[in-house]
Amino acid sequence: MSNQQRASLGLSDEQEQIDLEQLTGAGYRTPPTPEQQQKFMAAGAASGFISRQPAVRRRKRSPYNAQFGGKCRAGMKELFQEVADRMDLYDTQTLEAAILALIEKEGFDDLKQQFKELVG
Amino acid sequence: MPVVVFASSKGGAGKTTACVVLACELARQGQDKNIGVSLVDADPNQHSAAWAKHGDTPKNIQLFQEVNENNILDVIEQAREQTSFVLVDLEGVASSAVIGAVSRADLVIIPSQPSQNDAKEAARTIKTIKYGARVANRNIPFCVLFTRLSAAIVTKTGKALFAEFDKAGVDIFECSLIDREAFRSIFSFGGTVNGLEADSRSARRSIEKAAENARLYAEEVKQRLMAVMRAD
């Protein structure tokens, strides 16, 4: 074998590195203007990139879990729930408040006693 | 300060791995130069945040967690003021949080495994970026990063997808992220690829290859960021 050495292709040399500091100066791009931002968001929404947060307000969970079945007129359930929400009560508490109000209005004292025993 | 966003409307494409690997490499190179990296986790799964909180995270990586569509723009601005680099890990869905982050990006990296489903969602993300950039009259540079490639073979699907992106004029990273155990291990053990312990010579070789992959990937990101800076 010859003692001559072939010239290296330099394939094992490290790839030229960019110093991080070259990228951290103040000369980097400025953020988009509010108008650009708005247009970009609108374009994204048009392409299906929309808000993924739930739009429907969740009602708070109630600790009352005995079933109370029944029917009502269309829309009455939603009206009942709106009353409960405005009073910041669970549905069952609203129902109980309505029952008590009727008992008192009609003067059913015996039922009032029974009511007090149930709710404690 | 450069903002790099990792976006794809496909879950599991490799966004978190690509984001964390880059964060570690930039942090390693910047540790003696007082250069910090913000890691913004805007994915509800919070995998980047979980990695950062696991332990042995480079001290110059600052975590911003539980970021969502309501605060993502403010968080990115805050991160830009606090560190030299901002990396944003996003959820794998088409959401307004993704668009918000992309609108602020100096570079969008779109990870894609060499699979039809990944590539299809990558294409969807690309079309949305291009449309938004055109409407807003603001250039948003982006590039596809192939992830989880086999070290040994190039699949037919991979070749076909690469060719299709190339034919469409889509910018593709020259460096891909190879499927390495080390890139998975950092999420089990925390810390960086360079910090992983090897229990055998072959494990040590594998870690070294992953570290070299990470270094080359980071170098290409820096080159692209430099090109963006010069073009502006």
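For the structure itself, look to the data block above.
Rules used in this analysis
Here the residue numbers are simple positions, counted from 1 along each chain's written sequence. For naming, the first written chain is A and the first written ligand is 1, with later ones following in the order written. Since the coordinates come from a predicted model, pLDDT governs what is reported: local features require at least 70, and pairs of side-chain atoms require 80 or more to be given and counted, while whole-chain, interface and lining totals use all residues. Calculation of side-chain values draws on the structure's entire complement of heavy atoms; hydrogens and water are dropped beforehand. Between two residues, a contact is recorded if the distance between any of their heavy atoms is within 4.5 Å. As a working definition, buried area equals the accessible area (1.4 Å probe) given up by two parts on being put together, with both sides summed. Salt bridges are counted wherever a side-chain nitrogen of Lys or Arg sits within 4 Å of a carboxyl oxygen of Asp or Glu. Each polar contact in these results corresponds to two N or O atoms within 3.5 Å; when the atoms are within protein, one needs to be able to donate a hydrogen and the other to accept it, and residues that are neighboring in sequence are counted only if both atoms are side-chain atoms. By definition, any uninterrupted DSSP run of H or I lasting at least four residues is a helix, any uninterrupted run of E lasting at least two residues is a strand, and each is numbered from the N terminus. We call Asp, Glu, Lys and Arg charged. Ala, Val, Leu, Ile, Met, Phe, Trp, Tyr, Cys and Pro are nonpolar, and the rest, Gly among them, are polar. Like charges within 9 Å and nonpolar side chains (Val, Leu, Ile, Met, Phe, Trp, Tyr) within 5 Å are joined into patches, using only residues over 30% in relative accessible area that form no salt bridge. The method behind every accessible area is Shrake-Rupley, applied with a 1.4 Å probe, and residues are considered shielded solely by the protein chains displayed. Only protein chains enter the area calculation, which uses a 1.4 Å probe; residues under 20% of their type maximum are buried, those over 50% are exposed, and those in between are partly exposed. Should DSSP find at least two bridges between two strands, the strands are regarded as paired. A right-handed crossover is one whose linking path, passing over the helix from the first strand to the second, runs clockwise when the strands point away from the viewer. Within this scheme, the nonpolar core is defined by two criteria: the residues are buried Ala, Val, Leu, Ile, Met, Phe, Trp, Tyr or Cys, and they are joined through side-chain atoms within 4.5 Å. Lines fitted to the C-alpha atoms define the axes, with helices restricted to the stretch that makes contact. Angles between their N-to-C directions range from 0 to 180 degrees. Angular relationships are summarised with four words: roughly parallel below 35 degrees, roughly antiparallel beyond 145, roughly perpendicular across 65 to 115, and oblique for the angles in between.

Visitor: Hey, could you go over the interface of chain B and chain A for me, with residue numbers and the actual values?
Guide: Counting from both sides, the interface comprises 51 residues of chain B and, opposite them, 33 residues of chain A. The largest per-residue losses of area from chain B upon contact with chain A belong to Ile99, Arg138 and Met229 of chain B, which jointly make up 14% of the total buried on that side. The interface formed by chain B and chain A includes one salt bridge. With a closest N to O distance of 2.8 Å, Asp19 of chain A and Lys33 of chain B form a salt bridge. Here chain B and chain A share twelve residue pairs in polar contact (both at pLDDT 80 or more) between them. Contributing elements (two or more residues each) for the side of chain B that touches chain A: helix 1 (15-30), helix 3 (72-82), helix 4 (96-103), helix 5 (116-136) and helix 8 (201-231) of chain B. For the side of chain B that touches chain A, a count of residues per class yields 24 nonpolar, 15 polar and twelve charged.

Visitor: Account for the pattern of salt bridges, naming residues and giving values.
Guide: Residue and element names in this part refer to chain B. Here the structure, examined in full by the defined rule, presents 16 salt bridges over all chains. The salt bridge involving Lys10 is made with Asp118; its shortest N-O contact spans 3.3 Å. You can see Lys10 sitting in the loop between strand 1 (3-6) and helix 1 and its partner Asp118 sitting in helix 5, a full 108 residues away along the chain. Through salt bridges with shared partners, one network takes in Glu77, Arg80 and Arg104.

Visitor: Before we move on, could you go through a nonpolar patch on the surface and cite the residues and values that matter?
Guide: Residues and elements named next belong to chain A. Together, Met76, Leu79, Val83 and Met87 give the surface a local cluster of nonpolar side chains, amounting to about 360 Å² of exposed area. Along the chain, Val83 turns up in helix 2 (residues 76-87). Exposure remark for Val83: the relative accessible area of 38% places this residue in the partly exposed category.

Visitor: So, the environment of Gln36 of chain A: which residues are in play, and what are the values?
Guide: Along the chain, the position of Gln36 of chain A falls in helix 1 (residues 34-46). Non-local contacts of Gln36 of chain A, meaning those with residues more than four positions away in its chain, are made with Ala136, Asn137 and Arg138 of chain B. In terms of polar contacts, Gln36 of chain A uses its side chain to reach the backbone amide nitrogen of Thr33 of chain A, at 3.0 Å.

Visitor: Could you give me a rundown of the pairing of strand 3 (residues 61-64) of chain B, with the residues and numbers involved?
Guide: All names here are of chain B. For strand 2 (residues 37-42) and strand 3, the ladder comprises four bridges, and the chain directions are parallel. Along strand 3, the bridge assignment pairs Ser38 with Gln62. Note on the crossover from strand 2 through helix 2 (residues 47-54) to strand 3: the handedness is right-handed.

Visitor: How would you explain the nonpolar core if you had to name every residue and give the values?
Guide: Grouped together as the largest cluster of nonpolar side chains are 43 residues, with contacts concentrated most on Phe6, Leu22, Leu87, Ile109 and Tyr217 of chain B. Residues Val5, Phe64, Ala79 and Ile140 of chain B belong to the second largest nonpolar core, which totals 38 residues.

Visitor: I'd like a rundown of the pairing of strand 1 of chain B, residues and numbers included.
Guide: Residue and element names in this part refer to chain B. The alternating pattern of strand 1 places Val3 and Val5 and Val4 and Phe6 on opposite faces, both of which are buried. In terms of strand pairing, strand 1 meets strand 4 (residues 85-90) through four bridges, oriented parallel. Bridged to Val5 within strand 4 is Val88. Pairing between strand 1 and strand 5 (residues 107-112): three bridges, direction parallel. Bridging from a neighbouring strand, Phe6 pairs with Ile109 of strand 5.

Visitor: Give me the packing of helix 2 of chain A against helix 3 (residues 91-106) of chain A: which residues, what numbers.
Guide: For any two helices packed against each other, one specifies the inter-axial angle together with the distance between the axes. Residues and elements named next belong to chain A. Packing of helix 2 against helix 3 leaves a shortest axis separation of 9 Å and a crossing angle of 95 degrees. Here helix 2 is positioned roughly perpendicular relative to helix 3, judged by the angle of their axes. Mapping the contact onto sequence places Phe80, Gln81, Val83 and Ala84 in helix 2 and Asp91, Thr94 and Leu95 in helix 3. Among the residues forming the contact of helix 2 with helix 3, the class breakdown is four nonpolar, two polar and one charged.

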